[in-house]
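# Coordinate inspection notes
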Amino acid sequence: MTLPVQDNAQDIQPDKLQPGLYIVATPIGNLSDLSLRAADILKRADLIAVEDSRVTAKLLQHMGIKRPMIAYHDHNADYLRPQLLPRLNHEAIALVSDAGTPLISDPGFKLVRDARQAGAYVTTIPGACAAVAALTLSGLPSDRFLFVGFLPPKENARKKALTEIAAISATLIFYETSPRLVSVLTSLQEILGNREAAVVREITKKFEECQTAPLSELITHYEQKPPKGELVILVSPADKKAEIGQDEVISLLQAALVDHPVGKAAALVAKQTGLSRQDLYDQAMHLRQQSSADE
Ligand code: SAM
């Protein structure tokens, strides 16, 4: 099978852009982080698909750029996508989100997927991404990381999602809003143990801040000093299986028992930790008996 080869040279030619989809990263705070190539593509695009036209209008105004915009967001994407796809054959359409890299906890995945399937020219203009910027600032291991994005807002669903990733040996990266920070940090400590973690706020903005400390200290700090602005939470990788503490095992079992019977909860935690399924079964049984006695 011969795979198609894409010619990227054309988008740096002087006037007309090659028709297709241009995924353009925009700044996450400091407008000077817009790359030269991003500015050039935005200047020459036939149309800019934006999440919120008021937000992108400010960026374009700052750059002295005037181009037609069309709103492409979670609420109209399914309706709009079939209209945009045929236009990629004769128009250069830039896709931007409110800030950072489109598709990263932002709309665009299905548009890119369908554009590629339709054989359109698709290229990316990489740039700021809060997850990667936060990782570089945090001081936590950067060799392996898992971008989780936003956790479910409801506590039980959040704990379940965390249980599934508790044993992964990689720095975990979460997007969050400041009002929920303390409650999310508390869930993280409960399910993952008191790991080293970081809260990175307002990246590239005036009040940029990075606090790296065990989760318990971060909770105390932000309870006393509620955070403002945008933030990313990072948690250091799971310890090696042999070093998992008993408190963490109990937390994992308790979380698994919310949705599963004893046998399945033990099997799930055995898979996550590498500990003996029989031992975990005995502990899970004990926990269940304890909670029935408490009711
Ligand atoms: N697509 C964006 C990117 O590439 O980072 C992310 C968009 S997502 C809807 C918004 C979340 O990104 C925020 O809730 C916050 O967690 C994170 N974020 C965006 N800008 C940030 C900044 N300047 N400092 C810290 N976190 C930021």
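Structure: above.
What comes next is a walk through the structure. All values derive from a computational prediction rather than experimental measurement. (Residues numbered from 1 in each chain as written. Predicted model: local features only at pLDDT ≥ 70, side-chain atom pairs only at ≥ 80, totals over all residues. Heavy atoms only, no water.)

## With respect to the pattern of salt bridges
By the definition in use, this model includes 14 salt bridges. Of the charged contacts, one joins Asp-114 and Arg-81 as a salt bridge, the two residues approaching to 3.3 Å between their closest N and O atoms. Of this pair, Asp-114 sits in helix H4 (residues 109–117) while Arg-81 sits in helix H3 (residues 77–87), and the two are 33 residues apart along the sequence. Of the charged contacts, one joins Asp-114 and Arg-113 as a salt bridge, the two residues approaching to 2.9 Å between their closest N and O atoms. A relative accessible area of 34% places Arg-113 in the partly exposed class. Shared partners join several salt bridges into a network, and the residues in it are Asp-78, Arg-81, Arg-113 and Asp-114. (Salt bridge = Lys/Arg side-chain N within 4 Å of Asp/Glu carboxyl O. Helix = DSSP H or I, 4+ residues; strand = E, 2+ residues; numbered from the N terminus. Buried < 20%, exposed > 50% of the residue type's maximum accessible area, 1.4 Å probe, protein only.)

## Considering the packing of helix H7 (residues 181–192) against helix H8 (residues 215–224)
Relative to each other, H7 and H8 sit at 160 degrees, their axes nearing to 9 Å. In terms of orientation, H7 and H8 fall into the roughly antiparallel class. Here the hand of the crossing between H7 and H8 comes out left-handed. Here Leu-181, Val-182, Leu-185, Thr-186, Leu-188 and Gln-189 of H7 lie close against H8, whose contacting residues are Leu-215, Ser-216, Leu-218, Ile-219, Tyr-222 and Glu-223. Of the residues belonging to the contact of H7 with H8, the class tally is eight nonpolar, three polar and one charged. (Axes fitted to C-alpha atoms, helices over the stretch in contact; angles between N-to-C directions. Parallel < 35°, antiparallel > 145°, perpendicular 65-115°, else oblique. Left-handed = near helix turned anticlockwise from the far one by under 90°. Contact = heavy atoms within 4.5 Å. Nonpolar A, V, L, I, M, F, W, Y, C, P; charged D, E, K, R; others polar.)

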